[in-house]
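What the coordinates show
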Amino acid sequence: MIRKKRRTASISGRRHEWINHPGCKCRRTTGEVQRRCVLSKRRRLSSDLELGAGDGPWWSSVADGWSLFKAFCDNTALHGLRYITAEGMPIVHRLMWVATCFAGLLGAGWLIWSIWLRYATSPTVTMVQDTSYPLYHIPFPAVTVCSVNKVLRSEAVKFVEEYTGKNSSSEEAARYLAVVGALGLMSYPTYHRPFQFFQYNMSGRPLLSDVNVTELMLRVMPSCTDIFVACFWKGMEIDCCERFLVQRTEEGFCYSFNSRTAETRWNESLLRNNAAGATTGLEVFFKGQAGQAIDGLDILRGINVHIHHPDSYPDVAKGLFVPEAPSHVMMAQQVSPSQTVSTEEVRAIDLSMRRCYFPGEGHIYGLPVDTYQQDSCFMACRMHFLAKACNCTPYFFPRTIGMRECAAVDLECLSMNNAATRSNKPPNGTPGFHPEESALDCECMPPCTATQYSVESNYIQTGNLESKRGKGYVDVFFKQMGGVRYRNDVMFGWMDLLVSFGGIAGLFLGFSLLSGAELLYWIFAGFAVCVKLKRERRKGVRALLMPRCSWLFNMTKRRSLARSPQPPQKRSSSTSTRDDFIAINSGEQNSYF
């Protein structure tokens, strides 16, 4: 039987009660023998922090969580939390601080969500970088000239006589001549015109089905000398047939100036200009084509002029018709260039969000182009659509392996799909569009770095004597001495997003990165403590922590309940002996040692 004895000692005027035990160590202080019990292996938690005091599985967890939350609130740097769990705080004040913290959390969350939506829906912003960007940094636009009459009567008559072996005045030769003229009407976006012609000449549809339409149209098209009278570049006369090269367009075969998509590749550097105003750019004088059209075809007399990027095929739907006019009338086309440049930070944004292609991302299949351009992409998309719908492509498209040219018998199919080639299908659910509406499905986004040419056209009187030499005069020049340069950049980079979030969290909650680290620290530390307590409970031992865990709860600085000293009770030898013994300071704060 273990003998126990109560003794008291006076230290600094206070009475302390000690419990003698063989496991306690003794030390002599100021001449008096005092026994002080030192826990050899573990330190006891304060009675109000004995986590898991209950025996049940759920209320013990609630007690553990509340103690951990209170410890966090008492020591965190976040605003207002310490007043929620402070000792002696009136319930009204406590509820007021709970409402204040909750309102700050809602306000911060709403602002952060608004900024995130703005970043997700509009990740980039385009701003004006320079309103007087030098013209010598911008290439002069490509100018494509197309005769409205694609078939010269004189050349068509020669072909028909060679093909049929009969005189052109015969009835059979006239039928073949009408088919050649109808093939010349094949163009975007009016594929229905040649079919309307054949509705009154059904017997001519099977004709020329064995003829290579591309070679035929190249043979009967107006030559360079049949269209141009004279050409001037920067006020100096140039050879029109040397500078204007044959160009494939969806209108047929044309002639193009300063274009890299022409049939004969432009090997020289792109032409540039550093002047603005009339007669400072490209001047072209045209011949008249009276009497050159095939009989029975309703064709206007004049030319179509297309202004486009030198690396792109022209969009013929945007061309300008220039009719034959008196010699003193000039068609002035004033070009206002602009350039958009995207930063490398934009490349890091997902393609579905930035909606543009950087070099090496966009690909155009079926057209011999080196640089991606949106107009060329739409042209290739229309080509693939017609190839799938009609199992052929019009003659003015480049030949694709395994794909035949559309002949006169295919004009009906082209006419039926004419409307579908005029529009592109929007995303599903877009208001104003019928879901079953026939349209193209093209993924033709603009390039992230691009040059655009805005054209203003008007007729003006001119005194240029050269205009008397032809039936048309077109002057293409820059409108102003400088272009506009735009810069496409990210609206919110990760640094801006972090600063915005941090500013809002700091303003409403007093939150910072260190506060986040502190929160994570408490979560992981509390988890470690709970795991340790669970192991101790399984062993059937009172909830005590190892020294490396107990300090976490000592930070709460909570006052324990005062306990009155109780006389020691005798225990039988059968009673289990506690490992740890507690020094109780009567009426004072518990001591941890």
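**Considerations on the sheet that holds strand β12 (residues 302-308)**
Note: strands within a sheet are paired through backbone hydrogen bonds, in either parallel or antiparallel orientation. Taken together, the 5 strands give an open sheet; going across it, the order is β9-β10-β6-β12-β13, and neighbouring strands pair in antiparallel fashion. A strand with exactly one partner marks an edge of an open sheet, and here the two such strands are β9 (244-249) and β13 (320-323). Within the sheet, the average angular offset between the axes of one strand and its neighbour, ignoring direction, is 35°. The pairing of strand β6 (residues 142-147) with β12 spans 6 bridges and is antiparallel.

**Looking at the state of the cysteines**
Scanning the entire structure with this criterion turns up 8 disulfides. Shown here is the disulfide that connects Cys 224 with Cys 241, its sulfur atoms set 2.2 Å apart. Handedness here is read from the sign of the S-S torsion; for Cys 224 and Cys 241, about -105°, the answer is left-handed. Here Cys 241 lies in helix α9 (residues 240-243) and Cys 224 lies in helix α8 (residues 224-227), a separation of 17 residues in the sequence. A residue is classified by how much of its surface remains accessible, and Cys 224, at 9% relative accessible area, is buried. With a sulfur-sulfur separation of 2.1 Å, Cys 377 is cross-linked through a disulfide to Cys 444. One quick way to see it: the torsion about the S-S bond of Cys 377 and Cys 444 is about -75°, and its sign makes the bridge left-handed.

**Topic: the packing of aromatic side chains**
Going through the model one piece at a time under the given rule, you end up with 16 aromatic pairs. Here Phe 140 and Trp 233 contribute two aromatic rings whose centre-to-centre distance is 4.9 Å and whose plane-to-plane angle is 75°, an arrangement assigned as edge-to-face. Of this pair, Phe 140 sits in the loop between β5 (124-134) and β6 while Trp 233 sits in strand β7 (residues 228-233), placing them 93 residues apart in sequence. Ring geometry for Phe 253 versus Tyr 395: centroids 5.7 Å apart, planes at 45°, classification tilted. Taken together, the residues span a long stretch of sequence, with Phe 253 in strand β10 (residues 252-257) and Tyr 395 in the loop between α12 (374-390) and α13 (411-416) at a distance of 142 residues. On the basis of relative accessibility, which here comes to 6%, the residue Phe 253 falls in the buried class. Taking the relative accessible area as the measure of exposure, Tyr 395 reaches 1% and is therefore buried. Across from the ring centre of Tyr 188, 4.2 Å away, lies the NZ or CZ of Arg 382, which sits over that ring.

Cut-offs used in this document
- Residues numbered from 1 in each chain as written.
- Predicted model: local features only at pLDDT ≥ 70, side-chain atom pairs only at ≥ 80, totals over all residues.
- Heavy atoms only, no water.
- Pairing = 2+ DSSP bridges.
- Helix = DSSP H or I, 4+ residues; strand = E, 2+ residues; numbered from the N terminus.
- Axes fitted to C-alpha atoms, helices over the stretch in contact; angles between N-to-C directions.
- Disulfide = S-S within 2.5 Å.
- Buried < 20%, exposed > 50% of the residue type's maximum accessible area, 1.4 Å probe, protein only.
- Phe/Tyr/Trp six-rings, centres within 6.5 Å; stacked < 30°, edge-to-face > 60°.
- Lys NZ or Arg CZ within 6 Å of the ring centre and 35° of its normal.

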